[in-house]
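Working through the structure, step by step
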Amino acid sequence: MQQEELKNTLPKEEFELEERVVEIRRTTKVVAGGKNLHFRVLAVVGDKNGKVGIGIGSAREVPESIRKAISEAKKNMVQVSIVKGTIPHEVMVKFCSAKIMLKPAAPGTGIVASNAVRAVVELAGVKNILTKNLGSTAPVNVIKATFEGLKTLQSPAQIASKRDLSLREVFHGAGNKE
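To keep things clear, this report deals only with the structure shown in the data block. All of these numbers come straight from a predicted model, not from anything done at the bench.

**Regarding the overall build of the protein**
The helix and strand inventory of the protein stands at seven helices and eight strands. Out of the 178 residues belonging to the protein, those deemed buried represent 33%. Just so you have it, the protein exposes about 11,000 Å², and 51% of that area is on carbon and sulfur atoms.

Have a look at this one:
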């Protein structure tokens, strides 16, 4: 009964989001009295329909850090351009020492990616993509690089509006007018 009341008060989007914890890391700070133990969680949230967000949460207990990470991920959600189940164009992104290449793939290819990249692109709703990690394999930097790459993607319609062209001219070339 309480759940039905809760569902009516919260927006519908909250229940369609899928959450995934990518990494839980135990961190220790040495102080005069001993060691302070904390947990850092890296989480990804997405609706598998073009919206995705990442978050990092830190606390003394794992459930609290997971809650913080998911809350931050929901605040940082962005819209991703997806064309026919893949990304519209190739992109190369560098974040710290992580360098990620994201390439569109033909239908039926699937997601060819590491665990960290896979979590982000799956929850964004990409069905076919080729990726390559060319730098650091630290999950935090890899996920942030992937997220930045997905944010920079532009659909053909966005490119056409920037260039004051029709979609037909974008696909078939603007210089072929005779």
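Read on, since the account is not over.
**Side note on helix H4 (residues 115–124)**
Taken across its 10 residues, H4 has seven buried, putting it largely inside the fold. For H4, the set of buried residues is Ala116, Val117, Ala119, Val120, Val121, Leu123 and Ala124. Phi turns positive, to about 105 degrees, at glycine 125, one or two residues after H4.

**Here's the deal with helix H3 (residues 62–75)**
Because an α-helix packs 3.6 residues into every turn, residues spaced three or four apart end up facing the same way. With 14 residues, H3 ought to run about 20 Å at 1.5 Å a step, and its terminal C-alpha atoms sit 20 Å apart, in line with that. Structurally, H3 contributes buried residues whose contacts are with strand E1 (18–31), strand E2 (34–46) and strand E3 (51–59).

**Things to note about the sheet that holds strand E4 (residues 78–79)**
Spatial strand order, E1-E2-E3-E4: four strands in an open sheet with antiparallel pairing. On the outer flanks of this sheet lie E1 and E4, each paired with one strand and no other. As paired elements, E3 and E4 share two bridges and run antiparallel to each other. The partner of lysine 51 across the bridge, within E4, is glutamine 79.

**Observations regarding the pattern of salt bridges**
One pass over the structure, following the stated rule, counts nine salt bridges. Taking the shortest distance from any N to any O, the salt bridge between lysine 48 and glutamate 18 comes out at 3.5 Å. Placement of the pair is lysine 48 in the loop between E2 and E3 and glutamate 18 in strand E1, with a sequence separation of 30 residues. For glutamate 18, a relative accessible area of 30% puts it in the partly exposed group. Where glutamate 122 meets arginine 20, a salt bridge forms, and the shortest distance between an N and an O atom there is 2.7 Å. On the criterion of sequence distance, the pair formed by glutamate 122 in helix H4 and arginine 20 in strand E1 is long-range, its members being 102 residues apart. Put simply, Glu18, Arg20, Lys48, Arg118 and Glu122 are held in one network by salt bridges that share partners.

Each value, and the rule that gives it
- Residues numbered from 1 in each chain as written.
- Predicted model: local features only at pLDDT ≥ 70, side-chain atom pairs only at ≥ 80, totals over all residues.
- Heavy atoms only, no water.
- Helix = DSSP H or I, 4+ residues; strand = E, 2+ residues; numbered from the N terminus.
- Buried < 20%, exposed > 50% of the residue type's maximum accessible area, 1.4 Å probe, protein only.
- Areas by Shrake-Rupley, 256 points an atom, 1.4 Å probe, with all protein chains shown as cover.
- Expected span 1.5 Å × (residues − 1).
- Contact = heavy atoms within 4.5 Å.
- Pairing = 2+ DSSP bridges.
- Salt bridge = Lys/Arg side-chain N within 4 Å of Asp/Glu carboxyl O.

Worth remembering: the numbers are spatial, not functional.
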